[in-house]
Structures are given as structure tokens and as C-alpha cells.
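Okay, here's what each chain looks like letter by letter:
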Amino acid sequence: MGILDRFLRTARFSGGVHPDDHKRPAADAPLRVMPPPARLYVPLVQHIGSPARAIVAVGDHVRKGQRIGEPQGAVSAAIHAPTSGRVNAIGDIVAPHPSGLPVRGITIASDGRDEWCELETCDDPFALDPAEIGRRVARAGVVGLGGAAFPSAVKISGGLGARVDLLIINASECEPFLSCDDRLMRDRAAESVDGIAIMLHATGAREARIGIEDNKPEAIAAMRAAVAGHARIRVEVIPTRYPMGSEKHLILVLTGREVPAEGRPSDIGVVVHNVGTAVAVRNAVRFGRPLVSRMVTVNGACVRQPGNVEVPIGTLAGEVLAFCGGLRAEHGGPARLLLGGPMTGMQVPTLEVPVIKGTGGILVLDAAEVGEGEGDGSPCIRCGDCMRACPVGLLPLEIAARVRAGEVDAAARFGLADCIACGCCAYVCPSRIPLVQYFHHAKGELAARARGTQRNETIRTLTRAKAERVEREEREKAEALARRAAASLAAAAAAKQPAAVAEKAVEDASEEAGVCA
Amino acid sequence: MLAAILSLTILGAVLGTVLGFANRFFQVEGNPLVEEIEALMPGSNCGQCGFPGCAGAAAAIAAGQASPTCCPPGGRSLAVTIAQRLGVSVELGGAEDPGPLVADIDESICIGCTRCIRACPTDAILGGPKQIHNVMRDSCSGCAQCIDQCPTEAMVMQPLPVTLQQWFWPKPALRA
Ligand code: SF4
Ligand code: SF4
Ligand code: SF4
Ligand code: SF4
């Protein structure tokens, strides 16, 4: 690639930052595979969409790869047993989430045999119908492994409704500290490329481009060697800049085309998948293996043996750390626990939470890495750094000021919805204002309001329905009453009976009406 | 006796018809703003706002005598919707707002009397005579009309539990 080309690519998106990437030495440590621990905690929702429904009972014996959660609704993903063993409990487990709230999940006690269930293999995936590949991927519960955890099947075979010409493989891994994609490409390049070829076949795209940032020379070399025999798959080296891995930015850099605001990549004929997802798709289609483990980067100054580990889904983060030699107490000990990267990851209160399909990293940072201290607590000095860093071209200081004043609608008018929560603004802010937290809060507030409005509407409809029903019932009752009164009158007249009987009937009827009214 | 019943029935029917037509033909044009606000209200006429029903509250809000936040069942989202309609800003309670309250039945003391069902304006309570009743949280407006109906005090109002899907980051605390 020429210097000019490189310059043009860098110039394609404005903003972004160059954080210290902290990827090595973890990225250079050999890949380790962690055996299943004694107990696995498998949440029933590990993806975007509706939770799966448990289809096993407490006490059941399950085998590795057996489906234990059935997807519910249009956007959902199946959940499988990560090892063989016994279902110990079905109930609340602590979610890998900053709130520390519970999530429904299945606890499995491993039997130590790690026995696979029957798997449906396929020798020639390229002979399969694309729709069949989509079905197999869905059956395997594959979700995007880049972090968003969107069920992959929808994006693989025609679910987008638009024609796809270009498949982009996101292997940029721009987030500091993380190196699981890097390691995957170095160690499993051939498998990744096979997965990409299967995706290419399933999506019907003409070509695939693998975008890798230029700070991963080993991965680039490995992938270049692996794509040698594939005419339609290319490796593209892209400059290292955060947030290169953001879908829209990656597309812009690789194609020069812009995804319309509020649009999806499929609107311009592009679909983006993470490189880890490609391997999961390969395992699902070739070997029928569901997604029951994933690569996780364990990193941070407080980890004794940082590196990349293949971890069974449902393993507690604390156990993964123990597998990596445990924690160091030097440098003042752990200052922050994170799942995912430091820019977009989730700060969690405890490490007693399970690794799920979307967990790319477990980070234990010390105070120096967190960078607390200088500048903390100062007000905004209106330096404009955040504005220059924002890759979307927003005015973070203005949005945050509105949110602080409680005016989320005003914040929305400043483009809050376009914020990708990349954290560039907060990263450069000299006053260390937690800008992203303001944006998360405001987005949550807007969503809560929308839910409230929805709720009020439902309740209005129900109130009206009940009022109408009560009115109708009363009318019917009154009519019945009148009919009965008339009937007894007629009877009284016919039998020439004393009026007392009719009177009695009317009394009875009105008594009833009184009770019901 | 018969004559009395008949004459009263006929009188009632005639007068009812006359009143019905009068209502049609002499209808007073309501204040459209009040009607618009009333259409946004939950409509359960529970009186928690301190006004006689939602119509009263809507009139008071339109006249500027009440705040858009006065309706507890409508909550923050209703307050914001009304404020936007009126073009005013509202002071919403901060993070300490517990959110909407909904009814909950203690199943161990519910005797299945069905009184709460009759009181509920949204049919949010499920159950039959002599069966344990249950509240469907999504349908409960939070009007609290069922609470006093219960002879065994099995009903209480409780905040909706926050789920993972609904949780969001609190606003960062202001620093000195
Ligand atoms: S977090 Fe949002 S506002 Fe801040 S830099 Fe990223 S996109 Fe811009
Ligand atoms: S970077 Fe921080 S201090 Fe500078 S303008 Fe933005 S919010 Fe204010
Ligand atoms: S509190 Fe709300 S629902 Fe209840 S009467 Fe007043 S306006 Fe209507
Ligand atoms: S369940 Fe009770 S509080 Fe809820 S809407 Fe019905 S009567 Fe009102």
C-alpha cells in the first residue's frame, strides 16, 4: 500500500484517538485453553434480543453442546451446555453487567468428562443452500463475537432483505488491551479464512475484505498466507486509530462509502462480521458445534500471567483470573474491574460473574492504568478537545451540559442518538468529565420515557375497554330487568294473581341490580 | 301498584330519551386543550392527583393551576409528554424517583373475594371467586383503587422491580 493511499485512508474519518494500546505482552503469550471448571453459570440472555427459554429441568443430565435454551421471538439466540454434567439450578445469577442485577440462567455442575452430544457435521459447506447455512448458524446459537452479540444468522443469509455485495471482516481490534482477535488470526488463520469463505458463500457477496490494523504485523502475515488460495478474499491493512472497529468507520475507511445516518450497512450493500464470528460459523457449519466457548483476553497490570484464553461460556471471571495465575497486589492492587475493553467495556462490581458470548476481555487495571488523579473534579474548561476527538462529529461538551441540566430532549437535539459511546471524548477530556456516563444515562432516560409512554397508552386502552364493558353489562342488565319485569307483569295479568308476586319479582331483580352496580 | 310501575317506567324512558337528545344537540364545546390533555391521561379517575378524576386534573393543568407532574400513575413519561404539549419545562424528581407503583397481592392471605377485580379500572387483576388473585404488572395503572377494597389487606402498592433490560446508568454525581 502506498503512502498516499494510507494518507487518504487516515483522512477518511475525522476525530478518533491514539490511546496507548497496552496489547503486548498479552498478545504475544501463547493461546491457552481453559478446562471447564466445576460449575458453569450460563445466562439465558447473552445476546441482543429476547431471552431464551430454559428447556431442561433441574437434575437433568446434559452433554456438551446440547441445547438448553430455546430462542424466543424473532431476534434471539439458542443457548447450549458448555460442558457435560448435571443441571444444578435454574434461576437468578449475577449478570455480567455494571448494575449487578440478577439474570435468569442455568447452573451446570460439570461431570469432568466434557462429552459432546451428537453433532451434525458437513463435509462440503459450499454445497449447502445459503438458507440452510443460516439455519445451522442459528441452531448453533452464534452471535457477533465483536461485542454487540447480535444473533449472526440474521446477518448471514438474506435476513437483511437487501442484496449484499461486500462482506467486511472486522479484525481491526482497535480497543486497547484486547488481543483475542489478534491471537485468533495468528493461531487459527486457516480456520478463520475457511469461516470467511463459508460466510461469503452464505451472504452471496462478491468479495470479502478483512480489515486489520497495522499494529498487528504477525496477524497480517498469517492471514495473508491463509488467503493465498482464495481469489475473492483480501486482507486490507488499515491505520491504527481508535475507533477503527466501529462498523460505520471501518466501512468508510475500507470502501470510501458512508452508511446513511440511522441507516444500516446493508443499505449500501455491505455486511460486517467479526473475525471471531467467522470461526464460530465454521465450527457450526462444518462440525455442527454450537458456540460454547470463546477467546477472552485477560489483561491489566494486576494480572500475573496476562494472555489469551479459550474459556467455556459460563465460567466465572474470577476463575479465569485464577487460571491466569491470579492477581498481583503490587501497585496498590486492582483499581478497576472491566469486562471488555477500557473504552467501551463494562465496569463490574465483582468478578463472580460469568463469561458470556460477548465477553472479549477481562481486565484488572491498577490505578496508573485507570489514570485517576490529575485534573479530576474540575469543571469543563470548554477546550473543545472532546469535539475534535469525536469521530461522529458531535459536540460532547454541549450534550453533556444539557444532560447535566436534566434536559435530555435538548441533548437529543444535539445528536445524542448518533453517539456510538466510543469514549474518545472522555479519553481526551482534561477535566476527566465522565462524558460517556452522561450519554448512557440520557439514552437510558429517553428509553425509559418511551417505555412509560407505551405503558400509559396500554393502560388508557385497557381503562377504556373496561369502562365500555361495564357500561355494556349494565345496559344489558337493565334490559334484562325490564324484560323480566314485563314478563312477570304479563304473567300476573294472565293468571289474575295478586300484584304482590310481580312486585316481589321486581324487588328481587332490583336487589340483584343493586349488588352488581 | 301496576299503574305506578308502568307510569314510572314510561316516564323514565321518555325523560331518558329527551336527555339523551339534549346531550347531543346542546353539547357544550369543551376546551380542546383540556380534551387533548385528558386524552393523554390514564383515565382511571383514581383521584390521586387531588382532582375529581382525570378530566378535572386535565382542566387544572391546562389552566396552569396544577403541575404536569401531578398524576402519579402517569409518572415521568406523562409529565414530559404534557409539558412538551404545553411548551413548559417540568422539574422531575431526580434519581430518587421510585418509578411507577403497581399493586401486588400477598397470595397467602388472598381469600378470592373478587372485590379488587371489580374496582380495577384496567382489568389488571386475574382470578375467580375463591381463587387466589394475581396482578398483571404490565396492565396495572397504579391507581391504588383496589387496595382499600381488599378485606384481608392482602394488597400493597410496590415499585416495579428494575430489570436488566430497563436499568441504565445514573447521572454522574456533580463534583465540587
Ligand atoms: S462517546 Fe459519543 S460523543 Fe464521545 S466521542 Fe464517542 S461518539 Fe463522540
Ligand atoms: S474535553 Fe472536557 S473540558 Fe474540554 S470542552 Fe470537552 S468536556 Fe469540556
Ligand atoms: S392521578 Fe392521574 S389517573 Fe388518577 S385521577 Fe388524577 S389524572 Fe387521573
Ligand atoms: S391492580 Fe389495583 S392499582 Fe392496579 S390498576 Fe387495578 S385497581 Fe389500580
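These figures come from a predicted structure and were not determined experimentally.

Novice: Before we go on, may I ask you to explain the overall build of chain A in this structure?
Specialist: The helix and strand tally for chain A stands at 16 helices and 17 strands. For chain A, the C-alpha radius of gyration of 30 Å lies well beyond 24 Å, the compact-globule estimate for 517 residues. Along the longest, intermediate and shortest principal axes, the C-alpha atoms of chain A span 115 × 60 × 50 Å. In chain A, which comprises 517 residues, the proportion classed as buried is 50%. A sequence separation of at least 24 residues applies to 72% of the contacts in chain A between residues at least 6 apart. Mean positive and mean negative side-chain charge positions of chain A (61 and 60 charges, respectively) differ by 2 Å.

Novice: Hey, could you run me through the domain arrangement of chain B in this one?
Specialist: The parts lose accessible area when they come together, and the size of an interface is often stated as this lost area. Residues and elements named next belong to chain B. Segmenting chain B into domains produces domain 1 (33–89) and domain 2 (98–161). Of the roughly 390 Å² buried between domain 1 and domain 2, counting both surfaces, carbon and sulfur atoms make up 52%. If you sort the residues of domain 1 by the area they bury against domain 2, Ser-44, Gln-48 and Pro-73 come out on top, with a joint share of 73%. Viewed at the interface, domain 2 and domain 1 are joined by 0 salt bridges. Scanning the region where domain 1 abuts domain 2 turns up 3 residue pairs in polar contact (both at pLDDT 80 or more).

Novice: Just checking my understanding: could you explain the site of ligand 3 for this structure?
Specialist: In the neighbourhood of ligand 3, 14 residues make up the surrounding shell, with Cys-46, Gly-47, Cys-49, Cys-54 and Cys-71 of chain B lying closest. Classifying every residue of the shell around ligand 3 gives 9 nonpolar, 5 polar and no charged.

Novice: Would you mind going over the nonpolar core with me for this structure?
Specialist: Generally speaking, nonpolar side chains in soluble globular proteins are found buried as a group. Residue and element names in this part refer to chain A. Counting 45 residues, the largest nonpolar core has Leu-167, Ile-196, Ile-210, Met-223 and Ile-233 as the members making the most contacts within it. Those elements giving two or more residues to this core turn out to be α2 (130–139), α3 (152–156), β9 (166–170), α5 (189–203), β10 (207–213), α6 (217–226), β11 (233–238) and α8 (275–287). It is α5 that provides the largest number of residues to this core, a total of 8 residues. Among all residues touching Ile-233, those that are not within four sequence positions of it are Val-193, Ile-196, Ala-197, Leu-200, Ala-208, Ile-210 and Val-227. Formed by 21 residues, the second largest nonpolar core is a distinct cluster that contains Tyr-242, Ile-251, Ala-389 and Cys-424.

Novice: Explanation requested: the packing of helix α4 (residues 180–187) of chain A against α8 of chain A in the structure shown.
Specialist: How two helices sit against one another is set out by the angle between their axes and by the gap between those axes. All names here are of chain A. For the pair α4 and α8, the least separation of the axes is 9 Å and the interaxial angle reads 50°. With respect to α8, the axis of α4 lies oblique. Residues Asp-181, Leu-184 and Met-185 of α4 touch α8, and the partners they reach there are Val-275, Gly-276 and Val-279.

Novice: What am I meant to see in the domain arrangement of chain A here?
Specialist: Residues and elements named next belong to chain A. Segmenting chain A into domains produces domain 1 (1–11 + 120–288) and domain 2 (378–503). Distance between the C-alpha centres of domain 1 and domain 2: 40 Å. Each partner contributes residues to the interface: domain 1 has 4 residues there, and domain 2 has 5 residues. Here domain 1 meets domain 2 over a buried area of about 380 Å², counting both sides, of which 66% is carbon and sulfur. The largest share of the area that domain 1 buries against domain 2 comes from Tyr-242, Pro-243 and His-249, three residues that together contribute 78% of it. Joining domain 1 to domain 2, the criterion identifies 0 salt bridges. At the junction of domain 1 and domain 2, the tally comes to 2 residue pairs in polar contact (both at pLDDT 80 or more). A breakdown of the residues in the side of domain 1 that touches domain 2 according to their chemical character gives 2 nonpolar, 2 polar and no charged.

Novice: What is the right way to look at the site of ligand 4 in this model?
Specialist: The immediate surroundings of ligand 4 are formed by Ala-103, Cys-120, Pro-121, Thr-122, Ile-125, Cys-140, Ser-141, Gly-142, Cys-143, Ala-144, Cys-146 and Met-157 of chain B. When grouped by side-chain class, the residues that make up the shell around ligand 4 number 9 nonpolar, 3 polar and no charged.

Novice: I would appreciate a short explanation of the UniProt feature "binding site: [4Fe-4S] cluster 1" (unreviewed entry) in chain B in the present structure.
Specialist: Residue and element names in this part refer to chain B. If you check UniProt for "binding site: [4Fe-4S] cluster 1" (unreviewed entry), the listed places come out as Cys-46, Cys-49, Cys-54 and Cys-71 in our numbering. With the annotated positions falling across 26 residues, the maximum pairwise C-alpha distance of 9.5 Å places them together in a single cluster. Within the fold, Cys-46 resides in the loop between α2 (32–40) and α3 (53–62). Residues within four places of Cys-46 in sequence aside, it is in contact with Pro-73, Cys-143 and Gln-145. Its relative accessible area of 21% is what places Cys-49 among the partly exposed residues. Among all residues touching Cys-49, those that are not within four sequence positions of it are Ala-57, Cys-70 and Pro-72.

Novice: Even after reading the chapter, I still don't get the UniProt feature "binding site: [4Fe-4S] cluster 2" (unreviewed entry) in chain A, so can you show me in this structure?
Specialist: All names here are of chain A. In the numbering adopted here, UniProt assigns the feature "binding site: [4Fe-4S] cluster 2" (unreviewed entry) to Cys-390, Cys-419, Cys-422 and Cys-425. For the residues just named, distributed over 36 residues, the greatest C-alpha separation is only 10.5 Å, placing them together at one site. Residues that both appear in the annotated list above and line the largest cavity are Cys-390, Cys-419, Cys-422 and Cys-425. The contact partners of Cys-390, leaving out residues within four places of it in the chain, are Ser-14, Gly-15, Gly-16 and Pro-396. Its place among the elements puts Cys-419 in the loop between α13 (408–413) and α14 (424–428). What Cys-419 contacts, discounting residues up to four positions off in sequence, is Leu-394, Phe-439 and Lys-443.

Novice: What's the story with the side chain of Ser-172 of chain A in this structure? I'm lost.
Specialist: Tracing the chain through its elements places Ser-172 of chain A in the loop between β9 and α4. With residues near it in sequence (within four places) discarded, Ser-172 of chain A still touches Gly-211, Ile-212, Glu-213, Lys-216, Ile-238, Met-244 and Gly-245 of chain A.

Cut-offs applied
- Per-chain numbering applies: the sequence of each chain, read as written, is numbered from 1 onward.
- Ligands are numbered from 1 and chains lettered from A, in the order in which they are written.
- In keeping with the model being predicted, local features are shown solely for residues with a pLDDT of at least 70 and side-chain atom pairs are shown and tallied solely at 80 or more, while totals for entire chains, interfaces and linings include all residues.
- Note: side-chain values were computed over all heavy atoms of the structure, leaving out hydrogens and water.
- A run of DSSP states H or I qualifies as a helix once it reaches four residues; a run of E qualifies as a strand once it reaches two. Both are numbered from the N-terminal end.
- What the globule rule says is 2.2 Å times the number of residues to the power 0.38, and the radius of gyration is computed from C-alpha atoms.
- Three labels apply to residues, based on accessible area from a 1.4 Å probe with only protein chains included: buried if under 20% of the type maximum, exposed if over 50%, partly exposed otherwise in between.
- We call two residues contacting when some pair of their heavy atoms lies within 4.5 Å.
- As used throughout, the charge tally considers Lys and Arg to be positive and Asp and Glu to be negative, leaving His and the chain termini uncounted.
- Charge positions are represented by NZ for Lys, CZ for Arg, CG for Asp and CD for Glu.
- Here the limits of each domain have been adopted from an automatic or database domain assignment.
- As used here, buried area is the combined drop in accessible area, with a 1.4 Å probe, of two parts when they are placed together.
- A pair is scored as a salt bridge if a Lys or Arg side-chain nitrogen falls within 4 Å of a carboxyl oxygen belonging to Asp or Glu.
- Polar contact is the term for a pair of N or O atoms within 3.5 Å; when the atoms are in protein, one must be able to donate a hydrogen and the other to accept it, and sequence-neighboring residues count only if both atoms are side-chain atoms.
- Distances are taken per atom, and a residue is near a molecule or strand as soon as one of its heavy atoms is within 4 Å of it.
- Charged means Asp, Glu, Lys or Arg here, nonpolar means Ala, Val, Leu, Ile, Met, Phe, Trp, Tyr, Cys or Pro, and polar covers whatever is left, Gly included.
- The set of buried Ala, Val, Leu, Ile, Met, Phe, Trp, Tyr and Cys residues whose side-chain atoms join them within 4.5 Å is what this entry labels a nonpolar core.
- Geometry is summarised by axes, namely lines fitted to C-alpha atoms with helices restricted to the contacting stretch, and by angles between N-to-C directions that run from 0 to 180 degrees.
- With respect to orientation, any angle under 35 degrees is reported as roughly parallel, any angle over 145 as roughly antiparallel, any angle of 65 to 115 as roughly perpendicular, and every other angle as oblique.
- UniProt positions are given in the numbering used here, feature names are shortened, and annotations may be inferred rather than shown by experiment.
- Method remark: on a 1 Å grid restricted to protein atoms, a set of points is classed as a cavity if a 1.4 Å probe fits but cannot get out and as a pocket if it is open with protein on both sides within 12 Å along at least five of seven lines; lining residues have an atom within 4 Å of a point.

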